[in-house]
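Take a look at the letters that make up each chain.
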Amino acid sequence: MESSKIINFTPSEIYNQCTEYKLIFIPDLHLKDYNPKNRRDIHKEYITYLKRINKIVLQNKINIVIFLGDIFDRDFVKPRNTKIKMDIINHLRELSTLSDTYTLMGNHEKHNITEHNPWFHLTSIESEVLKEELSRYPFVFESTLPILKAVDSIAIHDVKIDMVHFSDIKQYYKRQRDENYVTQIGCYHDFLITDTIKKRFIEKNNFNIDTHIGDRYIDVTSTDIFDNYQHVVIGDIHLPLGEVYVGDTLVDGPGTIGRNNTLENHDEVFLPLFTIKPGEVIKERVRFKLIPFEESFLMNVVQLEKKNRINKKKLKDTLTHVDKVLEIDELLDTIVETKTDIKIRESVFNQEQKYRSLSHTVLEHIKYDILRKDLEKLYDEKENETDDQ
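Residues numbered from 1 in each chain as written. Predicted model: local features only at pLDDT ≥ 70, side-chain atom pairs only at ≥ 80, totals over all residues. Heavy atoms only, no water.

## Quick notes on the environment of arginine 74
Reasoning step 1: With respect to the helices, strands and loops of the structure, arginine 74 is situated in the loop between β3 (64–67) and α2 (82–98).
Reasoning step 2: When the C-alpha positions of arginine 74 and asparagine 117 are compared, they lie 6.5 Å apart, and in sequence the two are 43 residues distant.
Reasoning step 3: In contact with arginine 74, other than residues within four places in its own chain, are Leu31, Tyr34, Asn112 and Pro118.
Reasoning step 4: Polar side-chain contacts of arginine 74 include one of 3.2 Å to the side chain of aspartate 73. (Helix = DSSP H or I, 4+ residues; strand = E, 2+ residues; numbered from the N terminus. Contact = heavy atoms within 4.5 Å. Polar contact = N/O pair within 3.5 Å; in protein donor to acceptor, adjacent residues only side chain to side chain.)

As structure tokens, this is what we get:
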């Protein structure tokens, strides 16, 4: 992570008219205007979830909702899906009548900056960080239906909430301790990981981040990025993390509502809910049930996709082995020509035997091709079914 530029923002909104305020965080929804080929009816799910969110807000008398980014998965460009777009927008509009609604910019919003992205039409961008970043783009950011706000911070009595949007400029992630407030809460959208969080994932989900994610996360173990906060809530981490202390900071990663792939097979998330009064902060977690994984996904397609991933990895490994064999062959030829020391020749010969024994797996690519064709056939059948409807 880049060196931190410690910054502070005066809250855009200050809530102190009422004795008590309730604030809830909503994790990634990843709303789409199309139905993925491994899902039964994702649009039906979306409407179910949006209705549940509105019901929770109404029943719990929530004053403030903060979306943790990635409300939308990508642009909405499918012309035949106008109805689902309007259904989604109408439910978000209803939510905005029940509470004040804020949003982080997620990586899916940031990486889909076009006139077809609903986030830009629905969001009033008041964040100084976002204004600076987005000024580099030719797109004009004028919300046509501003039912969401993107700000840098808000305050509720003696509590400050920093809204740290996804950014390619990671130095913005470090916020200053504001001595005007007793409690500070940071909410982020990015894959921020510490050694403690890694261990928690293994304990809770049997999920090894290094194995499954590789280097697609930001290791903040050696930084003090969370130190100025009593609470941190993180979006973008799709598997439920739950609560874990990083130093003295309670970090909560609720997980995604809009499950984007078959590794995300959880059936519930817990929404962080804060009740804030002068001199008092109470944190709870509200259970939010998802459509069961087996009912949401087409399991026959899921199984084939799983085999496909395995075979793709085998093929990649095979090609690596074959490249190594060819490399050693060239080295052996050089050794023979130059009559290199006999011990070196023996060592290289042993390596050659090792890699040759593995190279027979090149046949795996045949299985991979067959499997890929099976998947394509299933996808085509599903597409035809959709067209017939």
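So much for the structure itself; the text now carries on.
## Focus on unusual backbone geometry
Reasoning step 1: Although it is not a glycine, histidine 30 adopts a positive phi angle of roughly 55°.
Reasoning step 2: By secondary structure assignment, the location of histidine 30 is in the loop between β2 (21–26) and α1 (42–59).
Reasoning step 3: For histidine 30, a relative accessible area of 0% gives the class buried.
Reasoning step 4: One non-glycine residue, histidine 157, lies in positive phi territory at about 55°.
Reasoning step 5: Along the chain, histidine 157 falls in the loop between β7 (153–156) and β8 (159–164). (Buried < 20%, exposed > 50% of the residue type's maximum accessible area, 1.4 Å probe, protein only.)

## Some points on the sheet that holds strand β13 (residues 242–246)
Reasoning step 1: On the basis of which strands lie adjacent, the open sheet formed by 7 strands has the order β1-β7-β8-β9-β12-β14-β13 and mixed pairing. One side of each edge strand has no neighbouring strand; the edge strands of this open sheet are β1 (13–15) and β13. Sheet twist, expressed as the average angle between the axes of neighbouring strands with direction ignored, equals 20°.
Reasoning step 2: Where β7 meets β8, 4 bridges bridge the pair, whose relative direction is antiparallel. Bridge assignment links isoleucine 154 to a residue of β8, and that residue is isoleucine 161.
Reasoning step 3: Together, β13 and β14 (249–253) form the strand contacts of helix α6 (residues 195–205), whose direction differs from that of β13 by roughly 150°. (Pairing = 2+ DSSP bridges. Axes fitted to C-alpha atoms, helices over the stretch in contact; angles between N-to-C directions.)

These values are about where atoms sit, not about what they do.
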